[in-house]
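Spelled out from the first residue to the last, the chains are:
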Amino acid sequence: MRSAHTVEQVRAAEADLMARLPEGTLMQRAATGLAVAISNFLGSTYGARVVLLIGSGDNGGDALYAGARLARRGAQVTAVLLSDKAHAEGLEALKMCGGRVGSVEDIRGADVVIDGIVGIGGRPGLRPDALAAVQLAEQFDVPIVAVDTPSGVDVDTGETPEPHVNAALTVTFGTHKICHFIDPAATACGPVHLVEIGLDLPPAEVESLQAADIRHLYPVPHGESDKYSRGVLGLMVGSTQYPGAAVIATAGALGGPVGMVRYVGPDPVAEAVRAAHPEIVAGNGRVQAWTIGSGLGDELDIPRIRELLDAEEPVVLDADGLKALDDSGDHVDVLATPHAGELARLLDVDRATVEAERLKHARLAAERYDVTVLLKGATTVIAAPDGQVRVNSNATPWLATAGAGDVLAGLCGSLLAGGLSPLDAASLGAYLHAAAANLASSSGPTTAISVAAALPEATRYLLRS
Ligand SMILES: NC(=O)C1=CN([C@@H]2O[C@H](COP(=O)(O)OP(=O)(O)OC[C@H]3O[C@@H](n4cnc5c(N)ncnc54)[C@H](O)[C@@H]3O)[C@@H](O)[C@H]2O)[C@@H](O)CC1
Ligand SMILES: Nc1ncnc2c1ncn2[C@@H]1O[C@H](COP(=O)(O)OP(=O)(O)O)[C@@H](O)[C@H]1O
Ligand SMILES: [K+]
């Protein structure tokens, strides 16, 4: 499990550990890991030109001590001091190893710029001289390695309301921070490398899903299983306006663990679904869970959907179906799967606001509607009504293709029918959906149907891993 903690949690854990260790130990651990990561990033350290952007705090201290280590290994290291209060011992160490103080002019021709402007003590935004230095690096195409966090982002929310560093690599310490997992800041981090420094941490604020954390959630059938005990999923999706959504969501459902799928919808659509998937049964009957909403268009029957939301069986509520959600009543068995535009409508804000503040709005909707929210996007944010948050970041951008959301809705319904909680169905669903997209795409174009077709293979990989 990758875990992200708040600045307050990190500071408390650091204070605890520092009280038991000689002064400076943690910074040395951080700087050692940082220097190794920069060396690996550069490929060859000897003769490399490294520019350190140094702010007033310990983030700059980490960068200066790492710079000293690189200088000792033959790099030409220059520190650009963006404050008159640079970490004094770190600066001394750099000079002792042959590093020097320079100016932003040194960025031209550098192999890498190290962002030691601010870390967890930073407020969003960059001061004018820091911004000018960062822009120069961008202008000369010099990659930036961020120390702990890309300076300028909001560390605890992942928001980026002000100018910030866009890193080619972020090297962080002790644990991940929320900005490493939540977009738009997550994108500004690039790949994130974690250096262990021995912190003892409380439960995480946000978790990032890895295969090992979710493999055990899959409802694998056993000797006594039959199609009913494996779970029957009811699909109320697609319409004469959007028949394809029904076909695609069914493909997603059949790619999951469900024993049987019942399709409930207009006859011509049921015929199209049966033609593509002869395994399905058309018409009402007992089910263990529902997927409702994908591609219903104008044909949605809000009173009927509300009846199903109030019934015992858990529901995945997608796309147009989300219009039936109201904030009265207990919906803890509901998994809502909006994209940013749909979540914006649910919360009566504009889409750009949701995109800018994804964690906040996913949590807000989970709390207001008492549902688990799976907010789709490049990284998927899953927020449960009890405050738990998980993210999934393994998706390829090739997954942004029409109908991909219908596959996910069908798959998550299949997992609910298999007995998973909405939070676990969302977690496993988002992971497998992205893993299948990676297989189907293989770094090229793919289609929703191909993603659904790759679900069994993605599942085999997961269960074998
Ligand atoms: N506390 C610890 O034990 C450890 C801290 N470490 C490093 O220390 C960092 C935290 O250090 P600090 O608490 O000194 O804080 P920072 O170095 O993150 O920030 C220092 C100061 O910068 C100023 N500042 C805030 N926002 C700014 C902005 N937008 N532009 C310019 N200046 C701004 C503030 O006065 C702030 O206190 C971590 O991110 C990490 O890199 C590591 O060495 C590991 C151990
Ligand atoms: N840039 C991206 N990178 C990775 N995955 C993405 C990206 N954009 C969207 N996705 C994923 O693609 C799917 C698109 O779903 P959705 O927006 O509902 O589309 P549709 O309604 O056409 O099915 C979601 O699972 C979403 O998380
Ligand atoms: K930084």
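Residues numbered from 1 in each chain as written. Chains lettered and ligands numbered in written order. Predicted model: local features only at pLDDT ≥ 70, side-chain atom pairs only at ≥ 80, totals over all residues.

1. Here's the deal with the overall build of the protein
Right, so step 1: Counting its secondary structure elements, the protein contains 17 helices and 19 strands.
Right, so step 2: The principal-axis extent of the C-alpha atoms belonging to the protein is close to 80 × 45 × 40 Å.
Right, so step 3: Per-residue burial for the protein yields a buried fraction of 55% across its 465 residues.
Right, so step 4: For the protein, contacts bridging at least 24 residues in sequence account for 71% of all contacts bridging at least 6. (Helix = DSSP H or I, 4+ residues; strand = E, 2+ residues; numbered from the N terminus. Buried ≥ 20, exposed ≤ 12 C-beta atoms within 10 Å, placed from the backbone. Contact = placed C-beta atoms within 7 Å.)

2. Re the site of ligand 2
Right, so step 1: Of all residues adjacent to ligand 2, which total 17 residues, the nearest are Lys376, Ala378, Ala395, Ala400 and Gly405.
Right, so step 2: Per element, the largest residue contribution to the shell around ligand 2 is 4 residues, and it comes from helix H14 (residues 404-417).
Right, so step 3: Tallied by class, residues from the shell around ligand 2 come to 8 nonpolar, 7 polar and 2 charged. (Near = placed C-beta within 6 Å. Nonpolar A, V, L, I, M, F, W, Y, C, P; charged D, E, K, R; others polar.)

3. Points about the environment of glycine 67
Right, so step 1: Its location among the elements puts glycine 67 in helix H3 (residues 58-72).
Right, so step 2: Distance from glycine 67 to threonine 149, taken between C-alpha atoms, is 17 Å for residues 82 residues apart in sequence.
Right, so step 3: Apart from residues lying up to four places away in sequence, glycine 67 is in contact with Val50, Leu52, Val77, Ala79, Leu94, Gly99 and Ile114.

4. A few points about the packing of H3 against helix H4 (residues 88-96)
Right, so step 1: Running from amino to carboxyl end, H3 crosses H4 at an angle of 15°, the nearest separation of the two axes being 8 Å. With respect to H4, the axis of H3 lies roughly parallel. In this structure, H3 crosses over H4, and the sense of that crossing is left-handed. Contact residues: Gly60, Gly61, Leu64, Tyr65, Gly67, Ala68 and Ala71 in H3; Gly90, Leu91, Ala93 and Leu94 in H4.
Right, so step 2: A per-class count over the contact of H3 with H4 returns 7 nonpolar, 4 polar and no charged. (Axes fitted to C-alpha atoms, helices over the stretch in contact; angles between N-to-C directions. Parallel < 35°, antiparallel > 145°, perpendicular 65-115°, else oblique. Left-handed = near helix turned anticlockwise from the far one by under 90°.)

5. What about the domain arrangement of the protein?
Right, so step 1: Domain boundaries assigned for the protein yield domain 1 (2-208) and domain 2 (212-464).
Right, so step 2: For domain 1 versus domain 2, the distance between C-alpha centres works out to 39 Å.
Right, so step 3: Counting residues per element, the side of domain 1 that touches domain 2 draws most heavily on strand E10 (residues 206-208), which supplies 3 residues.
Right, so step 4: Tallied by class, residues from the side of domain 1 that touches domain 2 come to 4 nonpolar, 3 polar and 4 charged. (Domains from an automatic or database assignment.)

6. Here we look at the packing of helix H15 (residues 422-441) against helix H17 (residues 455-464)
Right, so step 1: Their axes nearest at 8 Å, the elements H15 and H17 cross at an angle of 110°. In terms of orientation, H15 lies roughly perpendicular with respect to H17. Pair H15 / H17 crosses with right-handed handedness. Along its contact with H15, which presents Leu432, Ala435, Ala436 and Leu439, the element H17 presents Leu455, Glu457, Ala458, Thr459, Tyr461 and Leu462.

7. Details of the site of ligand 1
Right, so step 1: Taken together, 24 residues sit near ligand 1, with Gly57, Asp58, Asn59, Gly119 and Gly121 positioned nearest.
Right, so step 2: Sorting elements by how many residues they give to the shell around ligand 1 places H3 first, with 4 residues.
Right, so step 3: The residue makeup of the shell around ligand 1, split by class, is 9 nonpolar, 9 polar and 6 charged.

8. Re the UniProt feature "domain: YjeF N-terminal" (unreviewed entry) in the protein
Right, so step 1: Feature annotation in UniProt assigns "domain: YjeF N-terminal" (unreviewed entry) to the following positions: residues 10-205.
Right, so step 2: Secondary structure content for residues 10-205 is 35% helix and 17% strand, while the C-alpha to C-alpha distance between its ends is 11 Å. (UniProt positions renumbered as here; feature names shortened; annotations may be inferred.)

9. Overview of helix H13 (residues 358-369)
Right, so step 1: Counted at 1.5 Å a residue, the expected span for H13 with its 12 residues is 16 Å, and the 16 Å between its end C-alpha atoms agrees.
Right, so step 2: Inspection of H13 places Arg358, Leu359, His361, Ala362, Arg363, Ala365, Ala366 and Tyr369 among the buried residues, and these make up the whole buried set.
Right, so step 3: Residues of H13 that are buried sit in contact with strand E16 (334-337), helix H11 (340-347), helix H12 (351-356), strand E17 (372-375), strand E18 (380-383) and strand E19 (389-392).
Right, so step 4: Positive phi shows up at aspartate 370, right after H13, with a value of about 55°. (Expected span 1.5 Å × (residues − 1).)

10. As for the pairing of E16
Right, so step 1: In E16, alternate side chains face the same way, and those of Val334 and Ala336 on one face and Leu335 and Thr337 on the other are all buried.
Right, so step 2: The sheet contact formed by strand E15 (residues 315-318) and E16 spans 4 bridges and is parallel. Of the residues in E16, the one forming a bridge with valine 315 is valine 334.
Right, so step 3: In this structure, E16 lies alongside E17, joined through 2 bridges in parallel fashion. In the sheet register, leucine 335 faces E17, and the bridge partner there is threonine 372. (Pairing = 2+ DSSP bridges.)

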